[in-house]
Amino acid sequence: MTLRRPDEHRRPLCLAVRPGLQLGPCSAAGDRVLDVGCGTGQTTRIAARQAYCGDVVGIDLSAPMLDRARRDAAAEGIGNVTFEQGDAQVHPLPGRGFDVVLSRGGVTFFADHIAAFTHLRHSLVPAGRLAFLGPQPAGPDSSYARATAALSPFLREASPAARGMGSLLDPARIRQMLTASGFTDIDVAPAEVPMTFGADAGDATDFILAMGPVRYNLRDVDPETTARIRSEVRDALVEFEIIDGVRIPGHVWIVAASPGLTPRAASPETPRSTEA
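For clarity, every value in this text was computed on a predicted model and none was experimentally measured.

## Quick notes on the nonpolar core
Buried together is how nonpolar side chains tend to be arranged in soluble globular proteins. Among the nonpolar cores identified, the biggest contains 25 residues, and F117, F132 and L178 are the most heavily contacted of them. At the level of secondary structure, the elements contributing two or more residues to this core comprise β1 (32-36), β2 (55-60), β4 (98-104), α4 (113-121), β5 (124-135), α7 (171-180), β6 (184-198) and β8 (245-258). Formed by 18 residues, the second largest nonpolar core is a distinct cluster that contains A201, F207, V233 and I248.

In structure tokens form, the structure reads like this:
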């Protein structure tokens, strides 16, 4: 089984929100923006174009993805963006250094959500906003479930990646984690978005079978059975082929919250001496 390049690992997630669908309030020209789990930087570059007089930082653990992000930003002539390698849960961030913290799914992989969100909250100015996208639970009658029905009998065990992606599926849990981290004005809104999986049915099949949770569950399946699964998934994906590739309707949560911080009081002026 051929794995895709590291910079393609998050392609469906990266393309889940089309440019016209607003993820967060990052349209002010002078905003300072942090993109958590930026991957190859698509969201980061969109934010940088909107905050064209501000500064945008993308952070991710993957060096190959960040290399791609830097190349793409340079090729597009975007100069107000930087990319840092690190774990946003513990990475040193400037106190009250950002107007917006956003993420297209990267926050779902936090090991300790409360500690991580608290860390991010302290990087926001009092009037700032957190905005992130996360997956909704995939129902048995969803388009994706129908397209990948041949895989269902083999997906018996949640891989480490799947456990991370499924950590914030429940809106009540999202609110609980953010409230415990000190956030206020929490909004969790559903959205339907097209998810692009490949250029055609064969390409999309290769990608789906190379995804971490699928590889994890097929690791001991014999080659003949794997070939049969591949053929059945490819045939099912033909239904979703359009001129731009294979697109399957998906459902996500768009989450926004305020940091609940108190503005710092202005320092009183030092009285001038009246002595000669």
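## A look at α7
Buried within α7 are the following residues: I174, M177 and L178. For α7, the angular spread of the buried residues around the axis is 95 degrees, confining them to a single face. Looking at the buried side of α7, the elements it contacts are α4, β5, β6 and β8. The residue sitting at the N-terminus of α7 and contributing the capping side-chain oxygen is D170; that oxygen lies 3.0 Å from the backbone nitrogen of A172.

## A closer look at the packing of aromatic side chains
Here the structure, examined in full by the defined rule, presents 5 aromatic pairs. When the centroid spacing of 5.7 Å and the interplanar angle of 25 degrees are considered together, the rings of F117 and F132 count as stacked. Residue F117 is found in helix α4, and its partner F132 is found in strand β5; the two are separated by 15 residues along the sequence. Residues F197 and F207 carry aromatic rings whose centres are separated by 6.5 Å and whose planes lie at 65 degrees to one another, so their mutual orientation is edge-to-face. Taken together, the residues F197 in strand β6 and F207 in helix α8 (residues 201-210) connect sequence positions 10 residues apart. Neither residue differs from the other here; F197 and F207 are each classed as buried. Feature note: the residues F110, F117, F132 and F183 constitute an aromatic cluster, connected by ring pairs. In this arrangement the basic side chain of R219 is found over the ring face of Y216, its NZ or CZ atom lying 4.2 Å from the centre.

## As for the packing of α4 against α7
Their axes nearest at 8 Å, the elements α4 and α7 cross at an angle of 55 degrees. In terms of orientation, α4 and α7 fall into the oblique class. The element α4 and its partner α7 pack so that their crossing is right-handed. Together, H113, I114 and F117 of α4 and R173, M177, L178 and A180 of α7 make up the contact between the two elements.

## Some details on the pairing of β2
Within β2, 5 of the 6 residues are buried, leaving the element largely enclosed by the surrounding structure. Relative to β2, β1 is paired through 5 bridges, and the arrangement is parallel. Bridge pairing links V33 to V56 in β2. One crossover worth recording links β1 to the parallel β2 by way of helix α2 (residues 42-50), and it is right-handed. Note that β2 and strand β3 (residues 81-85) share 5 bridges and pair parallel. Across the sheet, residue G58 finds its bridge partner in β3, namely F83. Of the crossover connections in this fold, the one passing from β2 over helix α3 (residues 63-75) to the parallel β3 is right-handed.

Thresholds, definitions, all that
Residues numbered from 1 in each chain as written. Predicted model: local features only at pLDDT ≥ 70, side-chain atom pairs only at ≥ 80, totals over all residues. Heavy atoms only, no water. Core = buried A, V, L, I, M, F, W, Y, C linked by side-chain atoms within 4.5 Å. Buried < 20%, exposed > 50% of the residue type's maximum accessible area, 1.4 Å probe, protein only. Helix = DSSP H or I, 4+ residues; strand = E, 2+ residues; numbered from the N terminus. Arc of directions from axis to C-beta. Contact = heavy atoms within 4.5 Å. Polar contact = N/O pair within 3.5 Å; in protein donor to acceptor, adjacent residues only side chain to side chain. Phe/Tyr/Trp six-rings, centres within 6.5 Å; stacked < 30°, edge-to-face > 60°. Lys NZ or Arg CZ within 6 Å of the ring centre and 35° of its normal. Axes fitted to C-alpha atoms, helices over the stretch in contact; angles between N-to-C directions. Parallel < 35°, antiparallel > 145°, perpendicular 65-115°, else oblique. Left-handed = near helix turned anticlockwise from the far one by under 90°. Pairing = 2+ DSSP bridges. Right-handed = clockwise from strand over helix to strand, strands pointing away.

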